[in-house]
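Geometric and topological summary
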Amino acid sequence: MPSPSPSPTTTTDDPAASAAPCSPEDVRRVACVGAGVIGGGWAAHFLARGYDVTAWDPAPDAAVRLRRLIAAAWPALEQLGLADGASQDRLTVTATLEEAVADAQFVQESAPEKLDLKRDLLARLDAAAPAGAVIASSTSGYPMTDMQTEAADPGRLVVGHPFNPPYLIPLVEVVGGERTAPAAVDWASRFYAVAGKSVITMDREVPGFIANRLQEALWREALHMVASGEATVAEIDASITEGPGLRWAVMGPMLTFALAGGEGGMAHMLDHFGPSLKSPWTRLEAPELDRALYDAVVAGCEEAADGRSIADLVAERDRGVIDVLRATGRLPRSAEEATR
């Protein structure tokens, strides 16, 4: 399990007010507020790790959708390895937000990406959750500084940014806001590590965080190529899954490029290929998402799916990621190996 990195140099009006009521290792009950794809994925992950999970979402069919999502994720979680006592029966869906967080020792918020909604919801969670319990937001873009403005105790609010699906992709990026207590960031980082995540603790707020910034650059370039007719959706996906994506599953883009320099490493790579950075290859500005581009991307994805439903594709993705995790040594190759 990776150790948390140093916490951000954040400040709070009253650091003592954010003292967590228990250690990360002693957490038994987690609340998931927001039960869509991300919130439901978090609930599935925490259940698989043996926690009791309470969940709330304002949608009238939230309980049905959440249980269906967890049931669909469970086969993959069984392959990953369930913790002792892990069970879908340890999920409770409550009628109100206040009920969901009343006894929570950690809260994961996963509401839609609307700043006013996030501000109001985090303030409500702060008012309802037990004193000092850390509250983390799954936001994919907003800095906590902008979201914690209405909370009475902003010191316990952190960002815990996952990747879809949270039950399968290990990474979570943790960072506080200007009024977050450093102790809350440290606590959250340790909790996520104990809960089986791979943690990057950022030492400052960065718009879009780290991984989103990188994948957004790739996404924008892909949209430009579709818009200009330079490549199809299928060609773009194949160019990654059959090319650099295979290397990135083992090491990231920086070390991958260092290897391109041979024995001279990154220094030789920069000397040799550095001038090409000025070549007009990339277009960092996003293209206009007009109707033609919209239709081309949607049609391309439908063609690539080739009749497979979303559920089929989710299962295929989950199997593939598990195979990659095993092949790269991140998971035991079999259930028998997991017990050795």
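Structure: above.
What comes next concerns the included structure. (Residues numbered from 1 in each chain as written. Predicted model: local features only at pLDDT ≥ 70, side-chain atom pairs only at ≥ 80, totals over all residues. Heavy atoms only, no water.)

The secondary structure content of the protein chain amounts to 14 helices and eight strands. Looking at the 340 residues of the protein chain, the share that counts as buried comes to 40%. Relative to all contacts within the protein chain whose residues are 6 or more apart in sequence, the contacts with residues 24 or more apart total 72%. Just so you have it, the protein chain exposes about 17,700 Å², and 57% of that area is on carbon and sulfur atoms. (Helix = DSSP H or I, 4+ residues; strand = E, 2+ residues; numbered from the N terminus. Buried < 20%, exposed > 50% of the residue type's maximum accessible area, 1.4 Å probe, protein only. Contact = heavy atoms within 4.5 Å. Areas by Shrake-Rupley, 256 points an atom, 1.4 Å probe, with all protein chains shown as cover.)

Let us now look at the environment of Ser-138. Tracing the sequence through the fold places Ser-138 in the loop between β5 (134–137) and α5 (144–147). With relative accessibility at 8%, the residue Ser-138 sits in the buried group. For the pair Ser-138 and Val-174, spaced 36 residues apart in the sequence, the C-alpha separation amounts to 9.6 Å. Not counting the four nearest positions on each side in its chain, Ser-138 is found in contact with Ile-38, Trp-42, Gln-108, Glu-109, Ser-110, Gly-160, His-161 and Pro-162. Separated by 2.9 Å, the side chains of Ser-138 and Ser-110 make a polar contact. (Polar contact = N/O pair within 3.5 Å; in protein donor to acceptor, adjacent residues only side chain to side chain.)

So, about the packing of helix α7 (residues 211–227) against helix α8 (residues 233–241). Between α7 and α8, the least distance of the axes is 10 Å, while the angle of their chain directions is 145 degrees. As α7 packs across α8, the resulting crossing turns out to be right-handed. Facing α7, whose interface residues are Leu-218, Ala-222, Met-225 and Val-226, α8 presents Val-233, Ile-236 and Ile-240. When the residues that make up the contact of α7 with α8 are grouped by side-chain class, the tally is seven nonpolar, no polar and no charged. (Axes fitted to C-alpha atoms, helices over the stretch in contact; angles between N-to-C directions. Left-handed = near helix turned anticlockwise from the far one by under 90°. Nonpolar A, V, L, I, M, F, W, Y, C, P; charged D, E, K, R; others polar.)

A pair can form between side chains of opposite charge whenever their charged atoms are brought close. With the rule as written, the count across this model stands at 13 salt bridges. Through salt bridges with shared partners, a single ionic network connects Glu-109, Glu-113 and Lys-118. (Salt bridge = Lys/Arg side-chain N within 4 Å of Asp/Glu carboxyl O.)

Where helix α2 (residues 62–80) meets helix α13 (residues 310–327), the closest approach of the two axes is 10 Å, and the angle between their N-to-C directions is 10 degrees. Between α2 and α13, the crossing angle belongs to the class labelled roughly parallel. Of the residues in α13, those touching α2 at Ala-76, Gln-79 and Leu-80 are Asp-318, Ile-322, Leu-325 and Arg-326. Class assignment for the residues of the contact of α2 with α13 results in four nonpolar, one polar and two charged. (Parallel < 35°, antiparallel > 145°, perpendicular 65-115°, else oblique.)

Nothing here speaks to function; it is all geometry.
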